[in-house]
Amino acid sequence: MKNSIRYIVAASLSIAATNAVAAESFDFWGYFRAGVGTGADGSASNSIGGSDFQKNKIGRLGNEFDNYAEIGFGKELIKEDEQSVYIQTMFNMWDGDSDSVSNDSPFGWENMNLQLRNFMGMGETSWAGIRQYNKGYYIDMNDYFYWNQTNVGAGIERMSLGAGKFSVAVLHRDFENEIGTDTQHAKHQINANNLELTYDSLPLWEGGTLALGYKFLNADPSTEQVDEPGAGEHDYSDGHAFMLELNQTVAGTGFNKTVLQFYVDGSAAQGVLMGAADTLNGNIKSGSGYAIRNYGSIPLSGNWDLSHAINYAAADSIETWDNDQIDASMFGASAKLAYHWSERTRTYAEMGYFSDEKTENGSDYDRSGSKYTLAQAWSLGRNQPELRLYASYFDSNNDNWSDNSQTFEGNESDDTWVVGVQANAWW
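Residues numbered from 1 in each chain as written. Predicted model: local features only at pLDDT ≥ 70, side-chain atom pairs only at ≥ 80, totals over all residues. Heavy atoms only, no water.

Here's the deal with the pattern of salt bridges
Right, so step 1: In the structure shown here, the tally under the stated rule is 19 salt bridges.
Right, so step 2: Across the pair Arg 60 and Glu 64 runs a salt bridge, and its minimum N-O distance is 3.3 Å.
Right, so step 3: Classification of Arg 60 as buried rests on a relative accessible area of 9%.
Right, so step 4: Among the ionic pairs, Arg 382 bridges to Glu 343, the shortest N-O distance being 3.2 Å. With Arg 382 in the loop between β21 (363-378) and β22 (386-397) and Glu 343 in the loop between β19 (325-340) and β20 (345-360), this pair connects stretches of sequence that are 39 residues apart.
Right, so step 5: Taking the relative accessible area as the measure of exposure, Arg 382 reaches 25% and is therefore partly exposed.
Right, so step 6: The exposure class assigned to Glu 343 is partly exposed, which follows from its relative accessible area of 46%. (Salt bridge = Lys/Arg side-chain N within 4 Å of Asp/Glu carboxyl O. Buried < 20%, exposed > 50% of the residue type's maximum accessible area, 1.4 Å probe, protein only. Helix = DSSP H or I, 4+ residues; strand = E, 2+ residues; numbered from the N terminus.)

See the structure below:
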């Protein structure tokens, strides 16, 4: 009965929204991906042990087996000359199961904010609410945001200042940490705030621009979360993150980006963990880290394209609140070659490799893995929404990283395969 009521309400809201859009002009945009398949252990997710295998490092093609969507609407409420007031909203949905029912598909907000556009006459957007803020710092083939994610906050974005664009924002981004006794731990939300400054779109030469960024992340736990060290509670370190990004256009339609990042204290491990720079790690007391990234898409000829992503990161002299001493590094690389048979069909070959190393309290650990994918795609034009058939092979060497040394098929195998279908759409 409850599910029936949910479906009736959802249908009514959908009809109402459709009628409203028909009656008045709205901006409408979104993103959707879906991956399904079968593998050596039955389902694709069972074979690799989750909804992907290190896709931030070795690539997402043939390596995403979940369903995710973002549906957005926007409306200009009022406009006078070059100034306007705009409302933006977007909800998301994620489902990692094989069959979706109404009580196991998490929904959330990606955007719900009010924007004042060009009120200062500098091309800026002043905003407050929930926002995918400054979201261009993103490696699509790895589905990896290396600077920003969705945040609650307020700020002034892309104000024309000199030759570039200046942005400032105060953002709120809690992080999870486990607190409890040795036998029982519970996850707690730790309050944190983030001051971000960026200066981007600074022209250097023909086709070349520079972006600079700084973040201060302030941990603000409650008294109850820090006052019993014997129960696993502890204080939390603030963090700092710095970024320099060089963006170069290549052969007209291609691009290449080189990114340097530096992390301090509570942010120190974000590079080696492939985490976003706007999130603290509650286990880290002190240390420093850095990351070097290069990624892009280059047209090789009329029918061939090459996309690539290379990430290297290291963290030195990491001290945790449990008094562990850690040094670590990670390397990940992926490359995707595309051959366009026509404007409607193309074949992809994507390969990826990663290697992680760490020294913890004097003991050395390492792991590595690779992925090989062949996919056939159809669409109505290049860089348009696609339907893909894929086959992927995964290999892993995890011998001394953890107790479960074998990665795939329920910790029973060092390699596995999956075949299936993916959809990738945006509008």
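Now that the structure is up, let's keep going.
Overview of a nonpolar patch on the surface
Right, so step 1: A contiguous nonpolar surface patch, about 900 Å² in accessible area, is contributed by Leu 212, Phe 242, Leu 244, Leu 260, Phe 262, Tyr 290, Ile 292, Ile 310, Tyr 312, Phe 331 and Tyr 353.
Right, so step 2: Along the chain, Leu 260 falls in strand β16 (residues 254-265). (Patch = residues over 30% accessible without salt bridge, like charges linked within 9 Å, V, L, I, M, F, W, Y side chains within 5 Å. Areas by Shrake-Rupley, 256 points an atom, 1.4 Å probe, with all protein chains shown as cover.)

What about the nonpolar core?
Right, so step 1: If you look at the biggest cluster of nonpolar residues, it comprises 25 residues, and the most contacted ones within it are Ile 139, Tyr 146 and Trp 147.
Right, so step 2: Going through the elements one at a time, β15 (239-250), β16, β17 (284-299), β18 (304-320) and β19 are the ones with two or more residues in this core.
Right, so step 3: Residue contributions to this core peak at four residues, all from β18.
Right, so step 4: Setting aside anything within four residues of it in sequence, one finds Tyr 146 in contact with Tyr 137, Tyr 138, Ile 139, Met 243, Glu 245, Val 259, Gln 261, Ala 277, Arg 293 and Tyr 295. (Core = buried A, V, L, I, M, F, W, Y, C linked by side-chain atoms within 4.5 Å. Contact = heavy atoms within 4.5 Å.)

Comments concerning unusual backbone geometry
Right, so step 1: The phi dihedral of Asp 81 falls on the positive side, at around 55°, and the residue is not glycine.
Right, so step 2: Secondary-structure assignment places Asp 81 in the loop between β3 (67-80) and β4 (83-95).
Right, so step 3: A relative accessible area of 71% places Asp 81 in the exposed class.
Right, so step 4: The backbone of Arg 158 sits at a positive phi, close to 55°, despite the residue not being glycine.
Right, so step 5: Among the structural elements, Arg 158 can be located in strand β9 (residues 150-161).

Focus on a negative patch on the surface
Right, so step 1: On the surface, a cluster of negative charge is contributed by Glu 357, Asp 364, Asp 366 and Asp 399.
Right, so step 2: Asp 366 sits in the partly exposed class, given a relative accessible area of 38%. (Lys, Arg positive; Asp, Glu negative; His and termini not counted. Charge placed at Lys NZ, Arg CZ, Asp CG, Glu CD.)

Overview of the confidence of the model for the protein chain
If pLDDT is low for a region, its predicted coordinates should not be looked at in detail.
Right, so step 1: Across the protein chain, pLDDT averages 89, with 88% of residues at or above 70.
Right, so step 2: Low pLDDT (under 50) marks residues 1-13, which in the prediction has three contacts with non-local residues, meaning those over four places away or in another chain. (pLDDT = per-residue confidence, 0-100.)

A short note on the packing of aromatic side chains
Pairs of aromatic rings are described using the distance from one ring centre to the other and the angle between the two planes.
Right, so step 1: Counted by the stated rule, this structure contains 22 aromatic pairs.
Right, so step 2: Look at Tyr 144 and Tyr 146: their rings are 6.4 Å apart centre to centre, the planes differ by 50°, and that puts the pair in the tilted class. Pair check on accessibility: Tyr 144 and Tyr 146 agree, each one buried.
Right, so step 3: What links up through ring pairs into an aromatic cluster is the set Tyr 137, Tyr 144, Tyr 146, Phe 255 and Tyr 295.
Right, so step 4: The ring centre of Tyr 86 lies 3.9 Å from the NZ or CZ of Arg 117, which sits over that ring. (Phe/Tyr/Trp six-rings, centres within 6.5 Å; stacked < 30°, edge-to-face > 60°. Lys NZ or Arg CZ within 6 Å of the ring centre and 35° of its normal.)

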